[in-house]
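This is what each chain is made of:
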Amino acid sequence: MSAQITSSPGLPGRGAAKPPQAAAGPPVDSHAVTKRLQSELMALMAGADPGVSAFPSGDSLFAWVGTIHGAAGTVYEGLSYKLSLRFPTGAGRLA
């Protein structure tokens, strides 16, 4: 699965990450990609990690928003990282 992670524009020295390049290989049909994303969403929802969440943004399975919360007892405690994930609709390979 490929994803694009963007940082907050107000942080110095940090900007939006470049979108990842699609893996070389035969194209995958969007139905297969949709099934894979549905499977990944169900696994994420059933997971027991309370510090990570990601869900489709709107009606499309190809754009998600997520949050990672810093673990207690670490320097990241109390911090939240917002994610924006965009999945290709049929290019690349299914891993």
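Residues numbered from 1 in each chain as written. Predicted model: local features only at pLDDT ≥ 70, side-chain atom pairs only at ≥ 80, totals over all residues. Heavy atoms only, no water.

Caption draft 1: Expanded view of the overall build of the chain. Counting secondary structure elements, the chain contains 1 helix and 3 strands. In the chain, which comprises 95 residues, the proportion classed as buried is 21%. Considering only residue pairs separated by 6 or more positions, the chain has 44% of its internal contacts joining residues 24 or more positions apart. (Helix = DSSP H or I, 4+ residues; strand = E, 2+ residues; numbered from the N terminus. Buried < 20%, exposed > 50% of the residue type's maximum accessible area, 1.4 Å probe, protein only. Contact = heavy atoms within 4.5 Å.)

Caption draft 2: Main features of the sheet that holds strand β1 (residues 52-56). On the basis of which strands lie adjacent, the open sheet formed by 3 strands has the order β1-β2-β3 and antiparallel pairing. The outermost strands of the open sheet, each flanked by one partner alone, are β1 and β3 (80-86). Each strand axis lies, on average, 15° off the axis of its neighbour in the sheet, ignoring direction. Inspection of the sheet shows β1 paired to strand β2 (residues 63-69) by 5 bridges, in the antiparallel sense. Along β2, the bridge assignment pairs F55 with V65. Across the face of the sheet, helix α1 (residues 30-46) comes into contact with β1 and β2 while running at roughly 145° to β1. (Pairing = 2+ DSSP bridges. Axes fitted to C-alpha atoms, helices over the stretch in contact; angles between N-to-C directions.)

Caption draft 3: View of the pattern of salt bridges. A full pass over the atoms with the stated rule returns 1 salt bridge. For R36, the salt bridge identified is with E40, shortest N-O distance 2.8 Å. One end of the pair, R36, and the other, E40, are both in helix α1, 4 residues apart, so they sit about a helical turn from each other. Its relative accessible area of 24% is what places E40 among the partly exposed residues. (Salt bridge = Lys/Arg side-chain N within 4 Å of Asp/Glu carboxyl O.)

Caption draft 4: Representation of α1 in the model. The end-to-end C-alpha distance of α1, which contains 17 residues, comes to 24 Å, matching closely the 24 Å that a straight helix rising 1.5 Å per residue would cover. Every buried residue of α1 is accounted for by V33, L37 and L41. On an axial view of α1, the arc spanned by its buried residues comes to 75°, and they lie on one face. Set apart from the buried face of α1 by more than 90 degrees, the exposed residues are H31, K35, M42 and A46. The inward-facing, buried residues of α1 abut β1 and β2. (Expected span 1.5 Å × (residues − 1). Arc of directions from axis to C-beta.)

Caption draft 5: Examining the environment of V65 more closely. With respect to the helices and strands, V65 occurs in strand β2. Given the relative accessible area of 43%, V65 is considered partly exposed. In this structure the C-alpha to C-alpha distance between V65 and L83, which are 18 residues apart in sequence, comes to 5.6 Å.

Read these as spatial facts, not as claims about activity.
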